[in-house]
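Okay, here's what each chain looks like letter by letter:
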Amino acid sequence: MTSISEDSDKEKVRSVSVDLNNDASLVIDIPDALCERDKVKFTIHIKTTLSSFQKSEFSVPRQHEDFIWLHDTIVETEEYAGLIIPPAPPKPDFEGPREKMHKLGEGESSMTKEEYAKMKQELEAEYLAVFKKTVQVHEVFLQRLSSHPMFRKDRNFQIFLEYDQDLTVRRKNAKEMFGGFFKNMVKSADEVLISGVKEVDEFFEQEKIFLLDYSSKIKDATAKAEKMTRSHKNVADDYNHISGAMNSIAADNNTAFKKHLEKCAEVFEKLRKLEDRVASDQELKLTELLRYYTRDIQAAKDLLYRRARALADYENSNKTLDKARLKGKDIAQAEENQKQCLRKFDKLSESGKKELTSFKARRVVAFRKNLIEMTELEIKHAKNSMSLLQGSIEILNSN
Amino acid sequence: MSGSFGRNPPPLPDSEDQEAEFDTRVLDSDEEEEDEEGEDIFTGARSKPITPTSAPDEGDIFSEEGSYIRRDVHHATNGLHSDEELDLFTEATVELTLTSTTSQGRREITGPTASACNTTHVPNSILKPSVVTKTMEELEEEESGDKFELNIAVTNPEKIGDGMNAYMSYKVSTRTTLPMFPNKMFSVRRRFSDFLGLYEKISAKHSLLGCIIPPPPQKSVVGMTKVKVGKEDSSSAEFVEKRRAALERYLQRVVAHPSLLQDPDVREFLERDELPRAVNTQTLSGPGLLKMINRASDAVNKMTIKMNESDNWFESKLQEVENEEQLLRRLHAAVDSLVNHRKELCINTAVFSKSVAMLGSVEENSALSRALSQLAEVEDKMEQLHQQQTFSDFFILAELLADYVRLLGAVRCCFEQRMKVWQRLQEAQSTLQKKREAEAKLLWANKPEKLQQAKDDINEWESKVSQYERDFERVTCTVRKEVLRFEKERARDFKHYIVKYLESLLHTQHRLVKYWEDFLPEVKAIA
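Keep in mind it's a predicted model, so treat the numbers as computed, not measured.

**Student:** Residues and numbers for the interface of chain A and chain B, please.
**Tutor:** With 64 residues of chain A at the interface, the matching set in chain B holds 57 residues. With both sides pooled, the region where chain A packs onto chain B buries about 5,600 Å², and carbon together with sulfur makes up 72% of that total. Among the residues chain A hides against chain B, the three largest losses belong to Met228, Phe257 and Asn397 of chain A. Together they make up 10% of the total. For the pair chain A and chain B, the interface holds 5 salt bridges.

Written out as structure tokens, the structure is:
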């Protein structure tokens, strides 16, 4: 069982998006998380002045599956069809640390005490990194909901926040109710539909072109960023092995040689920590940013998709009305249907426009914030490396 | 086991003045201009102070070791070198962006107070004035004393011939104040097999005395074939540079050894115009095969020899050496892994940079779009930094470790030689014993005619035994000295190269800070 407390972490990673939690009427954060075997339990902390809640400050434990349930119910709510639904947080992936822990357990007998301690340290660092990421992304999800005028009023959202017992039972019921109609639609058809539909509105035409292009580019950038971060981690690992090997040689020796090697091993050990921080900060600020916005862009595309469907429905209703008029029966019904489709389409277009516009602004602000933070961290780590190296060079030269 | 001394290229001197200074050149009359530039570099190094900023960006490439190489590309008076050579260089310099490999070996030949080699490497844009002045002080201090110097550099790799018969020829330049050399400055051209031939000769003469013979660089069929075939790409340029640096270190170690330096074969190697082709070095030649067989039988012998030592020193030292060889191999493997991973990082960074550039071009917000393009540029610069760092990883650290793994092998050989000498003594002693027994038998059997023969035999073997005893004493003493010398050299070498490597890392981090600090205002400008 491992747990972290976000409060103790100096470099608290707030959120990928900004402008959340600005409204004091409903403030949500995840200060803690527990990892129990396969399950991660998040502690959600809520502070609110809204009367719709029973208490003004409280905490509640939730699992990842609860978040998914909440996301799905929102997606399936017709009312929200014209809104960009905040993307669901991905499942916490502890595969890496778990593998390492397994290796650690197996190789315990064959390793020296120092090696074991080092590997354990590495393992803890990796756990921490995965934790940070997953807490961040779950937190942002909730904050997106709480800061949105419509979502924050959602009944299920309130249940999620307040219900003081296990949500598992409620989840099952909900699934039966909705039947997952939206989910069953073939998602890959969305691009075809979106691009196929004739667009009259200039705004949406532009958005369509932009989103489709941007979506593929950001997906690509995310993948490449992941590879780059992976390489950084490998280099840090190598520093670790080099340090260990140097220490082994130094242990056997009794001359000036020993001193030089020990010093160098020490430098590599410290460099490794710095390189690791560089890699994980880059991951958290850059790669996660790209990942998040890949998902958000997908959510925006989903909105376009729903609107395109509504447009298709409207056009179909027109055809039905014409047919009905020709046949001379069910005209009233067809007219009603057509009116409804039009209303729906108009509503989607109107809210869609608002959502997409604020999405732009949100994206730009988030990129700015994260890029600034990443750059500042890179500078900090590089300066630390520099002073470490300068100090060591001086010591070695003076010997 | 070698020293190194990094310098910045001195300003271009006036060609006429240099030529006038020249007196007789015994060797290579047609290489006069080459030596002239040799003169430049050497005098430049000795007298001119190292100016901090005298390593411009063009000097990035091989600013250190590159003294020769840079000369070729920039020296106005350089008219001699063929276009081919220049091209090879430019190719080499362009492909192998930077770094700080050693340029010269500097050896104090005499004096018990011989100080350690200078270990300066002034990275391109970083300056620590304190380090620089210290170097200058050291230089002055050494020059004031009555010390003799010998500097060797291996440069100017040039491809001779075409196709499968082609080979690389290297320039071996020597500068010295040692009285035993008639000239103070001279150079010759040698090919790889010449170096191997030198090793064979030295080995044959000195290994039985218990000396640690520096091993030459390894052969590489793959590497050389690529060069022969004419593949002028970065990997073959890298191979040539790797070999050039290895040959230089090899020679520096050879001349650092006081008794090897006195060897006439070594002198001939450095001085003589044309060396007879060393054919014994080919793997599949008669001698080559013989060598392999000998090595195999040696290995068997090693297992069966068991000496009884009066002094535990040899046994424990040999154990130490064997352990260290193992551990160094492990370290070398770790550094190798680092080199490969950093190469991967280069590639991935470059790919990422392009991807970010694409993203930036699609971005509608103009400030963000600009920032993303800037980010792409920063990542591009980082890729180059990583590339340079990879070279440092390899040429400073990995090659040092590879050298020492082989050197430890040579130390082991040295111990084995001592054992062989001991074994010879043992055999002689047992033969003597047999002869004595034979004599006793003859006396008892009363055969006076054979007695004289037996007595002669005994005398012969008695003198052999005492000769071998002396030999063994001498070898024991030599091996001890050699090991102590080796350990001193090793400490010195490692310190030098470790510092150099850390300096390269420092340089990289310094650049990193600069790139990110330049980028920060761009990001902040996003509205």
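**Student:** Describe in detail the side chain of His257 of chain B, supporting the description with residues and values.
**Tutor:** Residues and elements named next belong to chain B. Among the secondary structure elements, His257 is positioned in the loop between α8 (234-256) and α9 (258-261). Separated by 3.2 Å, the side chains of His257 and Ser259 make a polar contact. Not counting chain neighbours up to four residues away, the residues in contact with His257 comprise Cys211, Ile212, Glu482 and Arg485.

**Student:** Could you give an account of the confidence of the model for chain B, with specific residues and numbers?
**Tutor:** Fine structural detail should not be taken from predicted coordinates in areas where pLDDT scores are low. Residue and element names in this part refer to chain B. Scored by pLDDT, chain B comes out at a mean of 73, with 66% of its residues at no less than 70. The lowest-confidence element of chain B is helix α3 (residues 67-74), averaging 33 in pLDDT; the highest-confidence one is helix α12 (residues 313-362), averaging 93. In this model, residues 1-145 is a region of pLDDT below 50 whose contacts with residues beyond four sequence positions or in other chains number 306 contacts. Scored by ipTM, the complex comes to 0.85, with pTM at 0.75.

**Student:** So what's going on with the UniProt feature "coiled-coil region" (unreviewed entry) in chain B? Which residues, and what values?
**Tutor:** With numbering aligned to this structure, UniProt lists the feature "coiled-coil region" (unreviewed entry) at residues 451-478 of chain B. Within residues 451-478 of chain B, the helical portion is 100% and the strand portion 0%, while the C-alpha atoms at the span's ends are 40 Å from each other.

**Student:** Report on the side chain of Asp296 of chain A, specifying residues and quantitative values.
**Tutor:** Residues and elements named next belong to chain A. Among the secondary structure elements, Asp296 is positioned in helix α9 (residues 256-327). Exposure remark for Asp296: the relative accessible area of 0% places this residue in the buried category. In this structure Asp296 touches Ile84, Pro87, Arg144, Phe359 and Arg362, once residues within four positions along its chain are discounted.

Here is what the cut-offs are and how they apply
- Residues numbered from 1 in each chain as written.
- Chains lettered and ligands numbered in written order.
- Predicted model: local features only at pLDDT ≥ 70, side-chain atom pairs only at ≥ 80, totals over all residues.
- Heavy atoms only, no water.
- Contact = heavy atoms within 4.5 Å.
- Buried area = accessible area lost by both parts, 1.4 Å probe.
- Salt bridge = Lys/Arg side-chain N within 4 Å of Asp/Glu carboxyl O.
- Helix = DSSP H or I, 4+ residues; strand = E, 2+ residues; numbered from the N terminus.
- Polar contact = N/O pair within 3.5 Å; in protein donor to acceptor, adjacent residues only side chain to side chain.
- pLDDT = per-residue confidence, 0-100.
- UniProt positions renumbered as here; feature names shortened; annotations may be inferred.
- Buried < 20%, exposed > 50% of the residue type's maximum accessible area, 1.4 Å probe, protein only.

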